[in-house]
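Chains, contacts and geometry: an overview
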Amino acid sequence: MESFKIIIDGKECEAYPGETVLEVAERNGIVIPVFCYHKELRPEGACRVCLVEVEGAPRLATACTLRAMPDMVVKTNTERVKKARAGVIELILNNHTLECPICDKAGECELQMVGFRYGPKKSRYREPRREKDIVIQGPLIEIDNDRCILCRRCIRMCGENMGNRVLGIFNRGYKAYISPFNGDFLEGGCEHCGSCIDVCPVGSLLDRAFKYKDRPWRMEKTWTTCTLCGSGCKMEVDTYHGKVKRVVGRIGINNGHNRGYLCVRGKWGWDIVYSDKRLKKPLLKKGEELKEISLEEALRILKEKIEGKEINLFLESSLTNEELSKLSAVFGNTNVTSDALTFSLAVEGIASITGERRTASFSSTEKSDVVFVIGDFIEEVNPVIATLLRLLVIQKGKRLIRVGSYPSKLDAVAFSSLIVSPEEVIDLLKHFIMGTIDLYYSSGDRKIDSAAKALRNKKVAFIIGGTTLFSPDIKEISQTVAYLADRMGNATITVIPPKANSIGVTKLFDLKPPEKLKGSVNVLVNTELERDFPGIELPKAEFTVVFTPFYTHDIAKADLVIPIETGVEKEGKVEGIERTLDLKRAVVPKYQLTEIISQLPYREGSREKRELKIKKKPGESILSGEKGEIYFTLLVNRTGWNSVSYYSGNVAKVAGRRELHLHPEDAKGRKIVTLKGEHGELPISVVENDSLIPGTAVLRVERVTRDLKGLVKFPFTSNFKCRIAEE
Amino acid sequence: MEKILLRNVEKENSHKIEVYMKSGGYQSLRKVLKEMSPDDVIEEVKISGLRGRGGAGFPTGMKWEFASQDIKEPKFFVCNADEGEPCTFKDRVIIEKDPHAMIEGMIIGAYATGCRYGYIYLRGEYPIGKKILERAIAEAYEKGFLGENILGTDFSFDLHVHSGAGAYICGEETALIESLEGKRGEPRIKPPFPVNAGYLWKPTVVNNVETLANIPVIIERGGKWYSQIGSPDCPGPKLFPVSGKVKRPGVYELPMGTPLEEIIFEHAGGIVNDRKLKAVFPGGASSSVLTPDEISVPMDFPSLAKAGTMLGSGAIMVLDETDCIVKAALRLIEFFRHESCGKCTPCREGTDWLVRILRRIENGSGREEDLEIILSISETMENSFCGLGMAAHNPVASTVRKFREEYLNHVKSGRCPFRSV
Ligand SMILES: Cc1cc2nc3c(=O)[nH]c(=O)nc-3n(C[C@H](O)[C@H](O)[C@H](O)COP(=O)(O)O)c2cc1C
Ligand code: SF4
Ligand code: SF4
Ligand code: SF4
Ligand code: SF4
Ligand code: FES
């Protein structure tokens, strides 16, 4: 793009077409005060504090909405500007509560900062303060409208950037106030991403878990990575005297790939550190009972029990690289299973075409023209990745095409959403392959043809993720996508890791299905069997050791239990969706997994080089639907992913429900149905959902519990078959 | 003088299509469709010198030209019939008595600009107007003036009425468009202007009712003829709704540039009980006040701007010697406080502060410093987001400037001198 010059305060500044004067000024180190403007949001021009003088224009203009034009001469600091700006700030302050001493925002409040620097020095307001006295409390968020300056950042954030439209303005003029729909966050569809709080310049939108808890200026800030899913969001953990007080994303300041966006787990799940289900001491089984023992003793017993034994290693995949490499050194890396198994299948699928077990980093989307997503429910599994995908469309103007079998929040911004039965996904992808071979190829479906046309001669970033990773077809789908990408050239493929270090686990270990483990000692690390390996029985073993931060159901099956730390207590690295991500310790834990493992003897490495068979042909679906059968997807609600709502009191307040979504044709008016699997059945309430396609169903749960055992079996928890019992 | 805009209103059943057609109605549309290209129509309107009657006085031909040059499709033509300003009731006469004139004007405008769909955004408080417009539209469909292939040409145009919900701000064209889209009525950032990105972000022409009612005559008699009526740089007939302390309040059609004095004293019959004239708001509730020695001003856009006020909708509000200027200003600013959408700080907060100060003054607890504060609030409000806030302070600030003594009188005597004790 051709740049041009404008002059701001006598300084010659380079500007690009489409840029606003404010953006040019910011880039050139010229500060213009703002309230309603936010880097991540569409300009609003509402607060009128960013006024500047433009040579030749009779009126002052708002810098945040004013497009820079060649040879424009702008002044930001004339007496006229100063007076106008102070006038606006005066109007905001007139009826403001100024209860800074008890306001959570004090110390990082933009009204304090801008008011102090640019506001009037004295108040002329002699009227009684106008009180709105409208406080709206949700489970985790509170709006104190007397502090609100009606900048509408929250509305734009929630409605446009998050796509949720929970917040809006009620009333008009001086009586206007901010509220969620019907005054109720949950009814309004709030996802509790916390983004509205993050961008609120004042103390109006509040984090209730933090309310009156501490002061911004005295807390210690630690930038670390959230390990509660594979989005791997960078976040600021604020502590005081070694205790976590809150987590903030700092949208617009945060330089992580998530740019400060978080989801409910990252924003509020930090209190799992203080869960009353936290394990305090090692436990040893004596007879039928578990007795507390010292760590020394636990280590002594452990050393003895594992010596010379083949270990069945069960890994949950949000462990750090440091933890994983120590675990592999001590317990071996071939007789291992993990919840990253299907992720590794996806990587294998891609590698069978490309010859490389590698997935592109998320930033490859930035360089693409079209983002081609193959995945369902990314917004639940990896909420922030879904947000970033949405923003690629609404902020960067990328085209998004999505292929899946269930409706998605992303469809609202998609150029094209192709939703087909699970067994047809690969065939659908093959139409795109045909399109690359024969320019005149027609699938016979206009929607597919127009999507295929949108890909032509474009840089395409393929994204595979969400519950699609748990489909029996995942390897075949990945292989097909890789084949398509290979044919197109100019394309990248990113598999969204479901957990924080799915990539690290896949790199370091040869994963096997649990049935293939052949050791005699079970070692479970950070996992919960029911959650990570639903439907799997622990192999019979001489001895079972469980490393876990929490009291889990697996403890009942353990001979020895050793406590470990949670995410914000860790120092280390994970292989994230965007390169290697850093974890910085915000809280010092009592037990550290790496320290414990270091005291165990290392084994000789036994790992062979995994061979790769290159196929160079697209995959074939292994699903076979018969008429009348329904494909089920087990969907763990966003709040329940990684058991967050089970351990976090904060997140529990907004936990989702357990319900079965059926297409009306399949629901047939039933309110409750009984699902029958191979080994069990489950009565469950039905939600009719006509955005599903007939023959697909979503089993939404907050937590994967025992009663799902007979229905769902690791690792393919999506697109499995089960029957609905006829009454 | 010959009535142009009000030529039909006295006739019985003037709102019916037969009556309208009997006096040559829809002949202009026929002429346009059969003999003129869209560019010819725009050229004719440009020659006429017609300027928008909604308040801003933007040259209509130029607006149409911008819209016709935008290549995005479809385009929309919107008639602004929101008429929400206090004491403005001129569009109502056309809506209720001569709806076909504005509909014909609209169809011609749509043809000139290439608009496929049209909306009449009607003030919510005009339920009778709504019935009349809906019936008129149905009649026009029946006669083939609306719908597909109008009069056998390639030109198609569909027209609907959309009722507002009682917000003055929805008269502002971009807020109107937001409201039409089903959103909260609040103005949008300009640019882009509606002619390029309006309803559904497609090119949209927004014209006032009275503006459109001028179109059929311009086509019928030619732009040249039209341009010779009234003020040379702002020609045409104009509807002046006159209200307040005049003997004959009502809507008067007079050429642009008719002196204010003539309107008040000749056409509206002078002041009630032959009292003394005190003040006039010459262009609606948000115009700056004029004193009796300023009323020789010709009523047109440029002359009033030169006099430090504005023509706006042309609504003339007359106050006599028994009226309290503080109370008048208070009433007006109370209206604007109520109608401010609340989007921007200066208008939302400024109107409220002004109301609070004026109430105090009117109740006798004003202070002399208040007057300076009023003027500085007014200055800040100049930086509002839209025309509402930019103008709302005018009646207050201008009365403080021109009737300072009366304000001080309130302050000093601690009461309103006009209130009986
Ligand atoms: C606060 C505000 C209220 C307005 N109300 C009206 C109205 O009720 N009717 C109208 O025709 N124009 C109104 N306008 C002017 C419109 O924004 C717009 O300029 C006009 O409809 C354009 O039509 P014209 O070019 O035919 O005048 C209003 C403007 C503002 C700022
Ligand atoms: S929002 Fe800011 S200015 Fe207002 S009370 Fe809180 S800290 Fe003080
Ligand atoms: S937390 Fe997120 S979803 Fe909820 S209101 Fe705020 S921005 Fe919207
Ligand atoms: S709640 Fe905060 S972000 Fe929302 S409008 Fe008020 S001040 Fe702005
Ligand atoms: S000036 Fe501001 S608050 Fe007033 S109506 Fe316009 S946008 Fe709304
Ligand atoms: S920052 Fe520009 S108007 Fe608010």
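Quantities reported herein were computed from a predicted structural model and do not represent experimental measurements. (Residues numbered from 1 in each chain as written. Chains lettered and ligands numbered in written order. Predicted model: local features only at pLDDT ≥ 70, side-chain atom pairs only at ≥ 80, totals over all residues.)

1. Description of the site of ligand 5
Residues and elements named next belong to chain B. Among the 14 residues in the neighbourhood of ligand 5, the closest are listed as C341, C344, C347, C386 and G389. If you list the elements that add at least two residues to the shell around ligand 5, you get α15 (345-362) and α17 (387-392). Taken together, the residues of the shell around ligand 5 break down into eight nonpolar, four polar and two charged. (Near = placed C-beta within 6 Å. Helix = DSSP H or I, 4+ residues; strand = E, 2+ residues; numbered from the N terminus. Nonpolar A, V, L, I, M, F, W, Y, C, P; charged D, E, K, R; others polar.)

2. Some remarks on the interface of chain A and chain B
Taken together, the contacts link 23 residues of chain A with 24 residues of chain B. At six residues, the largest contribution of residues to the side of chain A that touches chain B is made by helix α2 (residues 79-94) of chain A. In the side of chain A that touches chain B, the residues fall into 13 nonpolar, five polar and five charged. (Contact = placed C-beta atoms within 7 Å.)

3. With respect to the packing of α15(B) against helix α16 (residues 368-381) of chain B
Residue and element names in this part refer to chain B. Contact geometry of α15 with α16 gives a least axis separation of 10 Å together with a crossing angle of 160 degrees. What the angle tells us is that α15 and α16 run roughly antiparallel. For the element pair α15 and α16, the recorded crossing hand is left-handed. Contact residues: α15 offers P346, C347, G350, W353, L354, I357 and I361, while α16 offers D370, I373, I374, I377, T380 and M381. Among the residues forming the contact of α15 with α16, the class breakdown is ten nonpolar, two polar and one charged. (Axes fitted to C-alpha atoms, helices over the stretch in contact; angles between N-to-C directions. Parallel < 35°, antiparallel > 145°, perpendicular 65-115°, else oblique. Left-handed = near helix turned anticlockwise from the far one by under 90°.)

4. Overview of the domain arrangement of chain B
Quite often, the size of an interface is put as the accessible area lost when its parts meet. All names here are of chain B. The assigned domain composition of chain B is domain 1 (17-227), domain 2 (231-320) and domain 3 (325-413). Here the C-alpha centre of domain 3 lies 23 Å away from the C-alpha centre of domain 2. Across the contact, nine residues belong to domain 2 and eleven residues belong to domain 3. (Domains from an automatic or database assignment.)

5. Regarding the sheet that holds strand β6 (residues 135-137) of chain A
Residue and element names in this part refer to chain A. Within the open sheet, the three strands sit side by side as β6-β7-β10. Their pairing is antiparallel. Strand pairing shows two members of the sheet lacking a second neighbour, β6 and β10 (205-207), which therefore form its edges. Across the sheet, the axes of successive neighbouring strands diverge by a mean angle of 20 degrees, strand direction being ignored. Here strand β7 (residues 141-144) pairs with β10 via three bridges, running antiparallel. Bridge pairing in β10 links E142 to L206. (Pairing = 2+ DSSP bridges.)

6. A word on the pairing of strand β18 (residues 370-376) of chain A
Each regular strand displays side chains that alternate between the two surfaces of the sheet. Residues and elements named next belong to chain A. By the criterion of burial, β18 is predominantly enclosed, with seven of the seven residues buried. Taking every second residue as pointing to the same face, both faces of β18 are buried, with V370, F372, I374 and D376 on one and V371, V373 and G375 on the other. Note that β18 and strand β19 (residues 399-404) share five bridges and pair parallel. Each bridged residue has a counterpart across the sheet, and for V373 the counterpart in β19 is R402. Here seven bridges tie β18 to strand β21 (residues 460-466), and the two strands are oriented parallel to one another. From the neighbouring strand, V371 faces β21, where its bridge partner is A461. (Buried ≥ 20, exposed ≤ 12 C-beta atoms within 10 Å, placed from the backbone.)

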